[in-house]
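This is what each chain is made of:
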Amino acid sequence: AQSVTQPDIHITVSEGASLELRCNYSYGATPYLFWYVQSPGQGLQLLLKYFSGDTLVQGIKGFEAEFKRSQSSFNLRKPSVHWSDAAEYFCAVGPSGGYQKVTFGTGTKLQVIP
Amino acid sequence: EAGVAQSPRYKIIEKRQSVAFWCNPISGHATLYWYQQILGQGPKLLIQFQNNGVVDDSQLPKDRFSAERLKGVDSTLKIQPAKLEDSAVYLCASSPTNQPQHFGDGTRLSIL
């Protein structure tokens, strides 16, 4: 069965500092991997996805993520965090075939301090 | 384009009562999803429709939950009777077939 682990429940960073959110997945074959962001009281928005090819993927809002098969990881990064990035971030994994049967992690809540 | 509309935004009921949520997807989106998001957890897929047919309802507690998508457009999700553990945010999402999902803002359900 597929699963996702986000080891950090809550992370606090200073505005302008770099950010890395960790994600480890378990899946038997080549996974489809996603990062979503959820602002308070809102639904989820897709930040980026990895299906195949280049293991460093660029997303919206200046985010990027790197797929490392050997480590079963798909960590999300941003070089300089803005106060508006404060939100909850979810990593997700799905089988080949796109966006169906996706399993979400438990999320990492990001707090940005001035 | 208008987003995914959900109503109500908040609902408070007592256990053993029934409740219904409504979702209006983005026009033209063939796929519609209902997710349950319990506090501190990621969303869990309850049911997925392709047009008005069910694609996946393997995680839907069918003894108390039901969902329909009439005419392949709007959808309703019902819980009858509600239990305390059903307290959660219920998210609706829609997409063109095999494309990224667009999420609504959800309905927050509290069971007393």
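Residues numbered from 1 in each chain as written. Chains lettered and ligands numbered in written order. Predicted model: local features only at pLDDT ≥ 70, side-chain atom pairs only at ≥ 80, totals over all residues. Heavy atoms only, no water.

Asker: An account of the packing of aromatic side chains is requested, with residue identities and associated values reported.
Answerer: This model, assessed by the stated rule, comprises 14 aromatic pairs over all chains. A ring pair is formed by Y36(A) and F104(A), whose centres lie 5.4 Å apart and whose planes are at 55°; its orientation type is tilted. A residue pair is termed long-range when its members are at least 10 positions apart, and Y36(A) in strand 5 (residues 32-38) and F104(A) in strand 11 (residues 103-104) qualify at 68 residues. Here Y36(A) and F104(A) have matching classes, each one buried. Centre to centre, the rings of F21(B) and Y90(B) are 5.0 Å apart; their planes meet at 25°, and the pair counts as stacked. Pair noted here: F21(B) is in strand 3 (residues 19-24) and Y90(B) is in strand 9 (residues 88-95), with a separation of 69 residues, a long-range link. Here F21(B) and Y90(B) have matching classes, each one buried. Grouped by ring-pair contacts, the aromatic residues Y32(A), F34(A), Y36(A), F51(A), F104(A), Y33(B), Y35(B) and F103(B) constitute a single cluster. (Phe/Tyr/Trp six-rings, centres within 6.5 Å; stacked < 30°, edge-to-face > 60°. Helix = DSSP H or I, 4+ residues; strand = E, 2+ residues; numbered from the N terminus. Buried < 20%, exposed > 50% of the residue type's maximum accessible area, 1.4 Å probe, protein only.)

Asker: Can you lay out the interface of chain B and chain A for me, pointing to particular residues and giving the numbers?
Answerer: Taken together, the contact pairs 19 residues of chain B with 16 residues of chain A. Here chain B and chain A share an interface that buries about 1400 Å² over both sides, 50% of which is from carbon and sulfur atoms. When the area that chain B buries against chain A is broken down by residue, the three leading residues are P43(B), N98(B) and F103(B), summing to 30%. Where chain B touches chain A, the interface holds 1 salt bridge. D56(B) is paired through a salt bridge with K101(A); the nearest N and O atoms lie 2.9 Å apart. If you look at where chain B meets chain A, you find 5 residue pairs in polar contact (both at pLDDT 80 or more). (Contact = heavy atoms within 4.5 Å. Buried area = accessible area lost by both parts, 1.4 Å probe. Salt bridge = Lys/Arg side-chain N within 4 Å of Asp/Glu carboxyl O. Polar contact = N/O pair within 3.5 Å; in protein donor to acceptor, adjacent residues only side chain to side chain.)

Asker: Describe the nonpolar core, naming the residues involved and giving the relevant values.
Answerer: Counting residues in hydrophobic clusters, the biggest one holds 26 residues, and the most contacted among them are L19(A), W35(A), L47(A), L48(A), F74(A), L76(A) and Y89(A). Elements with a minimum of two residues in this core: strand 2 (10-14), strand 3 (19-21), strand 5, strand 6 (44-50), strand 8 (64-68), strand 9 (73-78), strand 10 (87-94) and strand 12 (108-113) of chain A. Considering each element in turn, this core owes the most residues, 4 residues, to strand 10 of chain A. Once residues within four sequence positions are removed from consideration, L47(A) is found in contact with W35(A), Y36(A), V37(A), G59(A), I60(A), K61(A), F63(A), L76(A) and Y89(A). Residues A88(B), Y90(B), C92(B) and L109(B) belong to the second largest nonpolar core, which totals 21 residues. (Core = buried A, V, L, I, M, F, W, Y, C linked by side-chain atoms within 4.5 Å.)

Asker: So what about the state of the cysteines? Which residues, and what values?
Answerer: Enumeration according to the criterion identifies 2 disulfides over all chains in this entry. Each sulfur in the disulfide pair C23(A) and C91(A) lies 2.0 Å from the other. Note on the C23(A) and C91(A) pair: the S-S dihedral is about -65°, so by sign convention the disulfide is left-handed. Of this pair, C23(A) sits in the loop between strand 3 and strand 4 (24-26) while C91(A) sits in strand 10, and the two are 68 residues apart along the sequence. Exposure class is identical for C23(A) and C91(A). Each is buried. Sulfur-sulfur distance for the disulfide between C23(B) and C92(B) comes to 1.9 Å. Taking the sign of the S-S torsion, about -70° here, the bridge from C23(B) to C92(B) comes out left-handed. With C23(B) in strand 3 and C92(B) in strand 9, this residue pair connects regions lying 69 residues apart in the sequence. Exposure remark for C23(B): the relative accessible area of 0% places this residue in the buried category. (Disulfide = S-S within 2.5 Å.)

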